[in-house]
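# Structural overview for review
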Amino acid sequence: MKPSRSKESQCVPVAASTKRELFFRSDGSSKQHSVENGISSMRKEDRDMREREKKDDSAAARSNKMMDGYVGFANLPNQVYRKSVKRGFEFTLMVVGESGLGKSTLINSLFMADLYNSDHPGPSLRIKKTVQVESTKVLLKESGVQLLLQVVDTPGFGDAVDNSNCWQMIIDYIEHRYEEFLNGESRVNRKIMPDGRVHCCVYFISPNGHGLKPLDVEFMKKLHDKVNIIPVIAKADTMTPEECTLFKKQILNEIAQHKIKIYDFPDIDDEEENKANKSLKERVPFAVVGSNTVIEVAGKKVRGRRYPWGIVEVENMEHCDFIPLRNMLVRTHMMDLKDVTNNVHYENFRCRKLAGITSDGKTNKIPNKNPMMQIAEEKKDRIEKMKKTEQQMEQVFELKVKEKMQQLKDSEADLSKRHEQMKKSLEQQEGELQEKRKQFEQERAIFEAQHGDLRSKTLEAGSKEYVRMLFCLPCVVPASGKLAAR
C-alpha cells in the first residue's frame, strides 16, 4: 500500500515491517525483496530494552506498594506514554541542497519508506525553472507507534544562473507555518491542530570544492535563527577518509568564522548520554552515503553501493556517518529538535510578531500590557514622533529663512557697491565735461578777441555793397515786358 502524494498529500498509514520488506531491492534485474540483518538486531535490542524497563517498573511498583503511604502518582509516566502513543507524533523535515546530491535517496534510506519512487520522483528529477517548496506527508507505523512524517523539499534551489534571494521562498514557507500555528493558538475557540512547523533542515553540502560555497554561507546565515540546521556532506564516497576529515574541519572553521548557528546538542546530566552526544557532535557535519540497493557481501546482505574498486556500505560507520545521522534524527534527538523549534525559534517569531517588530529587528521592546494600554502608548509615541518631526521641520525652515536672508543681504550689498561705483563714474564724467566746457569757453573768448576787428570790417563792407546794388541795379518787370529804372 503506497502513500498518496501531492504538495499537501493525504496521509496513508504504512506498516514499518511490510514497508521495509517492500523497500529494499536487490542489485540484479530480479525484484526480490529482503530485509537487512541489522534491522532485526535493532528491533531485538529495542524489545530487550522495553522488557528490562517493564521489569524495573514492575519491581519498583511492587516495592512502592509494599511501603506505607503509597499514593500512585508514580504511574503518571505510564499515563503520559499511553496518551502519547494514542495521539501519535508529528515531525517535519526539510531537505535543501543543489540537484544531484542524493537528497531523495537519503530520505528513503533514513525512514525506510518509498517517499520518492518512479511514480513520485525526487526533486532533482522534476524540471523546475525556479525555486519551489513542496511537501509530502506519509504516516509511518512501528511497534504500535505512529509518526506523521512531512518531508519538505525545495526543487530548483541553487540551479539557476543567478541565485540571488533564492532562499526567500524557503524563509516565507517557514514563517508562514509559524504564523499558521500562532493564529491557531490565538483563536477564541482553540482546537488541537497539526504541527506543520519545520523542526529540522538538513542542508546538503557538495563534496566538490575546498569548503562552503557563497550560496551555502548566505543560506545558513539567513535561516540559522529560524530553524534547526544540520549540515550534511553529500556523496561522501567520492572522498578518501583523510580528505573527508580535512573537509569537515574546513566547513566547521567557516561556520565559526561566519558566526552561523547550527543545531547544538544539549547538555544532559546522564554521563552515558553526554558521551553519546559528544560522539555525535564530533561527526558534524555528517558525511553520508545513500543507497536503496541490497548487495550481498561475504554471504551477508547489506545496503550499499558497488564500485569497481569495492563496495561502500551505507550502515557501516567506518564508511560514512549514515547511522549517527539516523540515530540523531529518529532515535535520540527528534523530541529535542521539536522542543528547540517550539521554545526558541517559534518563540522568537511569536515575540517579534506580537511586538510588531519588523524583519530588520531595530527594536527589541516586548510589551506585557493589555491592548488598551498598548494603544495609548502607541498613540503617545506617535504624538511625540509628530512633535519631534515638527521641531525638525521648524529648524529646517528657520535655517532656510536664514540662508535666504543672507542671500538677500549679500545681493543688497552687491547692488549698493555697484551703485556707488556707477555714481563715482558719472561724477567723474561730469567733471571731465565741465573741464572741457571751460576750456572751450576760454578758447572761444581768445578767438573772438583776436578776430573781432576783421569781422566788423567785413560786415561794414558787405553792407555798403548791398546798398549800392539796391540803388544801381536795373529791375525787370515780367508783366509789361518793359524796363524801369529808379
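Within each chain, residue numbers correspond to sequence positions counted from 1 in written order. Per-residue local features of the predicted model are confined to residues with pLDDT of at least 70, and side-chain atom pairs are confined, for both listing and counting, to 80 or more; whole-chain, interface and lining totals are unaffected and use all residues. Note that water and hydrogens are dropped before the side-chain values are worked out from all heavy atoms of the structure.

### A look at the packing of aromatic side chains
Selection criterion: Any Phe, Tyr or Trp ring, taking Trp's six-membered ring, that has another such ring centre within 6.5 Å forms a pair; planes under 30 degrees apart are called stacked, those over 60 apart edge-to-face, and the others tilted. Secondary structure elements follow DSSP: runs of H or I no shorter than four residues count as helices, runs of E no shorter than two count as strands, and numbering proceeds from the N terminus. The cut-offs for exposure are 20% and 50% of the maximum accessible area for each residue type, with area from a 1.4 Å probe on protein chains only; residues under the lower value are buried, those over the upper are exposed, and the others partly exposed.
In total, this model carries eight aromatic pairs according to the counting rule given. With a centroid separation of 5.6 Å and an interplanar angle of 40°, the aromatic rings of Tyr178 and Phe349 are classed as tilted. Linking Tyr178 in helix H5 (residues 168–186) with Phe349 in helix H10 (residues 334–354), this pair joins segments that are 171 residues apart in sequence. Looking at Tyr178, the relative accessible area reads 1%, which means it is buried. Aromatic side chains Tyr203 and Phe219 sit 4.9 Å apart centroid to centroid with 20° between the ring planes, which places their arrangement in the stacked category.

### Digging into the environment of Trp167
Defined as follows: Throughout, a contact is declared for two residues whenever any of their heavy atoms are within 4.5 Å.
Its place among the elements puts Trp167 in the loop between strand E5 (145–153) and H5. For the pair Trp167 and Leu223, spaced 56 residues apart in the sequence, the C-alpha separation amounts to 8.5 Å. Ignoring any residue separated from it by four or fewer positions in sequence, one finds Trp167 in contact with Leu215, Glu218, Phe219, Lys222 and Leu223.

### Some remarks on the packing of H5 against H10
Here is the rule: The convention used is that axes are lines fitted to C-alpha atoms, helices contributing only their stretch in contact, and that angles between N-to-C directions extend from 0 to 180 degrees. Just so you know how the angles are binned, under 35 degrees is roughly parallel, over 145 roughly antiparallel, 65 to 115 roughly perpendicular, and the rest oblique. Asp, Glu, Lys and Arg are counted as charged, while Ala, Val, Leu, Ile, Met, Phe, Trp, Tyr, Cys and Pro are counted as nonpolar; the rest, among them Gly, fall into the polar class.
Running from N to C, H5 and H10 cross one another at 80°; their axes reach a closest spacing of 10 Å. Between H5 and H10, the interaxial angle falls into the category roughly perpendicular. Across the interface between the two elements, Glu175, Tyr178, Glu179, Phe181, Leu182 and Glu185 from H5 touch Thr341, His345, Tyr346, Phe349, Arg350 and Lys353 from H10. Its residues assigned to classes, the contact of H5 with H10 shows five nonpolar, two polar and five charged.

### Points about the pairing of E5
Threshold: Two strands are counted as paired when DSSP detects at least two bridges linking them.
Among the nine residues of E5, seven are classified as buried, and the element is accordingly described as predominantly covered. Where strand E3 (residues 89–96) meets E5, seven bridges bridge the pair, whose relative direction is parallel. Looking across to E5, one finds that Phe91 is bridged to Leu149. The pairing of strand E4 (residues 134–142) with E5 spans nine bridges and is classified as antiparallel. Bridge pairing in E5 places Lys141 opposite Gln146. In sequence, E4 turns back onto E5 through a hairpin of two residues, with Ser143 there showing a positive phi of about 55°.

### Quick word on a nonpolar patch on the surface
Selection criterion: For patch building, the residue pool is restricted to those with more than 30% relative accessible area and no salt bridge; the joining distance is 9 Å between like charges and 5 Å between nonpolar side chains (Val, Leu, Ile, Met, Phe, Trp, Tyr). Areas reported as accessible are Shrake-Rupley estimates using a 1.4 Å probe. Residue values count occlusion only from the protein chains shown. A pairing counts as a salt bridge when a side-chain nitrogen of Lys or Arg comes within 4 Å of a carboxyl oxygen of Asp or Glu.
Residues Phe397, Val401, Met405 and Leu408 make up a contiguous nonpolar surface patch of roughly 390 Å² in combined accessible area. Relative to the helices and strands, Val401 is located in helix H11 (residues 371–472).

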